[in-house]
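# Chains, contacts and geometry: an overview
Spelled out, the chains give:
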Amino acid sequence: MTNPEKTQDDLLSDLRGLIDRARQYLAQTANSTLTLLYWKMGQRIRREILNDGRGEYGQQILATLSQELMRDYGKGFNPSSLTRMIKFVELFPDEQIVASLSQALSWSHFIEIFPLKQPLEREYYAEMCRIERWSVRTLRERISSQLYLRTAISKQPEAVIQAEISHLRSGGQMTSDMIFRDPYMLDFLGLPDGYNEHDLESAILREMERFLLELGAGFTFVARQKRISVGSDDFYLDLLFYHRQLRRLVAVELKLEKFAPAHKGQMELYLRWLDKYDRAPGEESPIGLILCASANTEQVELMDMDAANIRVAEYLAHIPDMALLQQELHRAVALARARAALDQLPHITKPAGEQE
């Protein structure tokens, strides 16, 4: 016999779901329409007034337009807002791209992105917002923490970065260069002075939700102290995750000290074991992440970690001086791109008679 109260509860739940989905759709549609309106207004103003060599006169017209529009439609069309709309078109000139982004990004998202000086950096944050559905607050935090400069992709040549972003726009999946970072910001763990490896691991487990946010979208926690049995010996992997987009296990080792060559051999053992015993059909080979207190860039490069499916990254346990961090990241990006450019140069081999 059917329970009338349960039937009524189910009906109420269904109705609430319909209302919530309709509201969400209306909000998204309104947001997209408003964002495109601002872009088209900026395009029209820029083309008709400010882009015709009439700078000073154009500013007067802009002030007049603003006055008329505010009288009819309110304060949302003040001179600063109209100027921002013009900037919108200058920074995002492709209407189709804006139409796609506006399905996920609000006008407030774009306002956070506008101050960024590098075009590829703006495009990166816009695409990541679209894919991972960041709130405005999350976007602000990501920009503040220099996320773009901390990703591996930022250290690639600009043509490679542009290709990756275009790949995402066309519906492609993120690559590991878009996902992994260096350094990782772990100041939220609240680690005390003199902490040990157990303290670090325990703090991560306690703050797993925030740790997953720092790792990025797509990570799922699988296990801690994963037992790796090889012959009569047992080893224990600190943390094991799975990444949905990469479709592969991610082994994480925590090191309090500076990266050492021996860490590579340890991780290679874990990855081979996971590949042999834990990898499910259809998954890619596992990838390793060694989180350490510091690492020498040249040493890591000489060990060819990419070929072994291993990433090495530093973690920052305490809030750094963000201005100093930004300088260091810019320097690291410049050096990485310079090395990549040198690698592209042809190697000239001297004729046999000229060999020393």
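One structure accompanies this document, and this report is about it.

Rules and cut-offs
- Residues numbered from 1 in each chain as written.
- Predicted model: local features only at pLDDT ≥ 70, side-chain atom pairs only at ≥ 80, totals over all residues.
- Heavy atoms only, no water.
- Pairing = 2+ DSSP bridges.
- Helix = DSSP H or I, 4+ residues; strand = E, 2+ residues; numbered from the N terminus.
- Patch = residues over 30% accessible without salt bridge, like charges linked within 9 Å, V, L, I, M, F, W, Y side chains within 5 Å.
- Areas by Shrake-Rupley, 256 points an atom, 1.4 Å probe, with all protein chains shown as cover.
- Salt bridge = Lys/Arg side-chain N within 4 Å of Asp/Glu carboxyl O.
- Buried < 20%, exposed > 50% of the residue type's maximum accessible area, 1.4 Å probe, protein only.
- Polar contact = N/O pair within 3.5 Å; in protein donor to acceptor, adjacent residues only side chain to side chain.
- Arc of directions from axis to C-beta.
- Contact = heavy atoms within 4.5 Å.

### A closer look at the sheet that holds strand β6 (residues 310–316)
- Strand order in the open sheet formed by 6 strands is β1-β6-β5-β4-β3-β2, with mixed pairing between adjacent strands. What marks the edges here is a single partner per strand, and that holds for β1 (184–185) and β2 (219–230).

### Some details on a nonpolar patch on the surface
- Nonpolar side chains collect at one region of the surface, where L11, L15 and L18 lie side by side and expose about 290 Å² of accessible area between them.
- Within the fold, L11 resides in helix α1 (residues 4–50).

### Side note on unusual backbone geometry
- Geometrically, the link from D182 to P183 is a cis peptide bond, its omega value of 0 degrees lying close to zero.
- The residue P183 is located in the loop between α10 (176–179) and β1 in this model.

### Some words on the side chain of S154
- For S154, the position within the fold is in the loop between α8 (147–150) and α9 (158–169).
- S154 sits in the buried class, given a relative accessible area of 0%.
- In this structure the side chain of S154 is engaged in a polar contact, spanning 2.9 Å, whose partner is the backbone oxygen of T151.

### Quick notes on helix α11 (residues 197–206)
- What α11 keeps buried is the set L200, E201, A203 and I204. Within α11, the buried residues cover an arc of 160 degrees as seen down the axis, which keeps them to one side. Exposed side chains of α11 directed beyond 90 degrees from the buried face belong to H198 and R206.
- Taken together, the buried residues of α11 touch α12 (208–215), β2, β3 (233–243), β4 (248–258) and β6.
- One side-chain oxygen at the N-terminal end of α11 lies 3.1 Å from the backbone nitrogen of H198; it belongs to N196.

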